[in-house]
Amino acid sequence: MASSKDYYEILGVDKQADDATIRKAFHKKARDLHPDINKEPDAEERFKEVNEAYEVLSDPKKREFYDRYGSVDGYGQGPSIDDIFGGGFDMGDLFSSFFGGAASGGGSRAVRLDGRDMGASIKITLQQAATGCSKEIAYNRLAPCHSCNGSGCAEGGSQVSCSTCHGTGQVVTTQRSFLGQMQVRSVCPDCNGTGVTIDNPCTECQGQGRTPDRERVSVKIPAGFRDGQQLRVEGYGEAGVRGARSGDLIVTVIIEEDERFQRSGDDLHVRAEVSIAQAALGATLEIEGIMPDEVVEVTIPAGSQFDDEVRVQNMGMPHLRRDGRGDLIVHIDVVVPQKLNEHQRKLLEELAESMNEQVNARRTPWQRLRERLS
Ligand SMILES: [Zn+2]
Ligand SMILES: [Zn+2]
């Protein structure tokens, strides 16, 4: 094929000529050069050229291609979208994955009817995590339609093959691009790619079988659950189209920080105050445990120092879904008395003396008075 003919010159029009001007110019040239009328030797050849020029310039796509590349060589032989993406590529897939619509399987006619999973989160206290608890979650979802029980059909309605896409779930449109014409498959807008419509759809859900709803679901959190762990509540995600499988609700459990206890795996850390006498002589303390009304006995050994740890076995968090508990680790805070009465001061002074320790035994009259009164 001749490649660099100037079709505008052949028709005698300029490059900005509109369709009407081109058509008029063609008609005139065609009349003048028609082999039945024009007996010049090159008339037939020129007549063919005029036809060729008109064929290109009267077709907006071809004209655009010609304007861009200076020839129509290769026009219409450009790769289709299928070729570019290795065949079987489905524009419907691409569009739907971008826009979250019903996705269709590559090449197949299957469409996504199942509902999607949804996410939610709930906060519980550390005590609730220790005992296990039930919590209600309220959230919005597409739920099965109450009116039609999810079928999408009103009384006496039934499912019929979609007339727009003839049951294929896809429509094919032709689009122009610099590559030439492209066949683009997309999800049928009338049946959302299902290939099926309802002759008498439920008015509540417009035949979808699902409607927006405020849902409440009770979630049981087992004892020993960890912060950030998830529970799957089957069937409580987005409802499927017309009774197809619902997605799941995935609940993330957030455990609030506790004022007293710090969790480390299934062990719990807690601080306990002991006096200098208790630290020196040893003592048995009773402290509140993590479980309701739980009292834990903690044995402080004689000679305990600040920040020493006492481990109480089996008094931490319960292990998740198995027997036993972690440990309770008690961190000792040795508390030095800030106020002493005279007798107490005397005892401490005696202690210091017997241990050969220098202390500030001299006091102002004002201090003495205060001690006597306290
Ligand atoms: Zn309905
Ligand atoms: Zn359809």
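What counts as what
Residues numbered from 1 in each chain as written. Chains lettered and ligands numbered in written order. Predicted model: local features only at pLDDT ≥ 70, side-chain atom pairs only at ≥ 80, totals over all residues. Heavy atoms only, no water. Helix = DSSP H or I, 4+ residues; strand = E, 2+ residues; numbered from the N terminus. Buried < 20%, exposed > 50% of the residue type's maximum accessible area, 1.4 Å probe, protein only. Contact = heavy atoms within 4.5 Å. Areas by Shrake-Rupley, 256 points an atom, 1.4 Å probe, with all protein chains shown as cover. Pairing = 2+ DSSP bridges. Axes fitted to C-alpha atoms, helices over the stretch in contact; angles between N-to-C directions. Donors = N, O, S within 2.8 Å, 3.2 Å for Na, K, Ca; no water. Tetrahedral: all angles 85-135°; square planar, octahedral: opposite > 155°, others 65-115°. Phe/Tyr/Trp six-rings, centres within 6.5 Å; stacked < 30°, edge-to-face > 60°. 1 Å grid on protein atoms, 1.4 Å probe; cavity = no way out; pocket = protein on both sides within 12 Å on 5 of 7 lines; lining within 4 Å. Points joined across faces, edges and corners; volume = space filled by probe spheres on them. Nonpolar A, V, L, I, M, F, W, Y, C, P; charged D, E, K, R; others polar. Domains from an automatic or database assignment.

K.L.:
Before we go on, may I ask you to explain the overall build of the chain in this structure?
P.N.:
Secondary structure assignment for the chain yields 10 helices and 15 strands. Sorting the 374 residues of the chain into buried and exposed places 36% on the buried side. A fraction of 61% describes how many contacts in the chain between residues 6 or more apart in sequence connect residues 24 or more apart. Roughly 23,000 Å² of accessible area belongs to the chain as shown, and the carbon and sulfur atoms make up 48% of that amount.

K.L.:
Sorry, what's going on with the sheet that holds strand β11 (residues 267-275) here?
P.N.:
In any sheet, the strands associate via hydrogen bonds between backbone groups, in a parallel or an antiparallel arrangement. Ordered in space as β10-β11-β15-β14, the four strands form an open sheet in which the pairing is mixed. Looking at which strands have only one partner, the edges of the open sheet turn out to be β10 (262-264) and β14 (309-312). Taking the axes of each pair of neighbouring strands and ignoring which way they run, one obtains an average angle of 35° across the sheet. Bridge count for β14 against strand β15 (residues 328-335) is four bridges, and the pairing is antiparallel. Pairing of Val312 across the sheet is with Leu328, part of β15.

K.L.:
How do you make sense of the coordination of the zinc ion (ligand 2) when you look at a structure like this?
P.N.:
Four donors placed tetrahedrally around a metal ideally meet at 109.5 degrees, and six donors placed octahedrally ideally meet at 90 or 180 degrees. Protein ligation of the zinc ion (ligand 2) involves Cys162 (SG), Cys165 (SG), Cys188 (SG) and Cys191 (SG), the donor distances falling in the range 2.2 to 2.3 Å. Every donor counted, the four donor atoms about the zinc ion (ligand 2) form angles of 104 to 117° at the centre, which fits tetrahedral coordination. Sequence positions of the residues that donate to the zinc ion (ligand 2) give the spacing C-x2-C-x22-C-x2-C. Taken together, the positions of Cys165 in the loop between β3 (159-161) and β4 (170-177) and Cys188 in the loop between β5 (180-187) and β6 (196-198) put the pair 23 residues apart, joining distant regions of the chain. Here Cys165 matches Cys188 in class, with each residue buried.

K.L.:
Explain the packing of aromatic side chains to me, please; I cannot follow it from the model alone.
P.N.:
How two aromatic rings sit relative to each other is set out by the distance from centre to centre and by the angle between their planes. Applying the stated criterion to the full structure yields three aromatic pairs. Note on Tyr7 and Tyr66: the rings are 4.7 Å apart at their centroids and 40° apart in plane angle, and the pair reads as tilted. Placement of the pair is Tyr7 in helix α1 (residues 7-11) and Tyr66 in helix α4 (residues 60-69), with a sequence separation of 59 residues. For Tyr66, a relative accessible area of 7% puts it in the buried group. Aromatic pair Tyr8 and Tyr66: ring centres 6.1 Å apart, planes at 40°, arrangement tilted. With Tyr8 in helix α1 and Tyr66 in helix α4, this pair connects stretches of sequence that are 58 residues apart. These aromatic residues form a ring-pair network of at least three members: Tyr7, Tyr8 and Tyr66.

K.L.:
Help me out: how do you make sense of empty space enclosed by the protein in this one?
P.N.:
Unfilled space is identified by rolling a water-sized probe across the atoms. The tally for this structure, following the rule as stated, stands at one cavity of 30 Å³ or more. Considering only enclosed or pocket space, the largest cavity measures out at about 80 Å³ in volume. In this structure, the largest cavity is lined by Lys61, Glu64, Phe65, Arg68, Tyr69, Tyr75, Arg176, Ser177, Phe178, Gly180 and Gln181. The dominant element in the lining of the largest cavity, judged by the number of residues it contributes, is α4, at five residues. When the residues that make up the lining of the largest cavity are grouped by side-chain class, the tally is four nonpolar, three polar and four charged. Mapped onto the domain boundaries, the lining of the largest cavity takes at least three residues apiece from domain 1 (7-69) and domain 2 (118-255).

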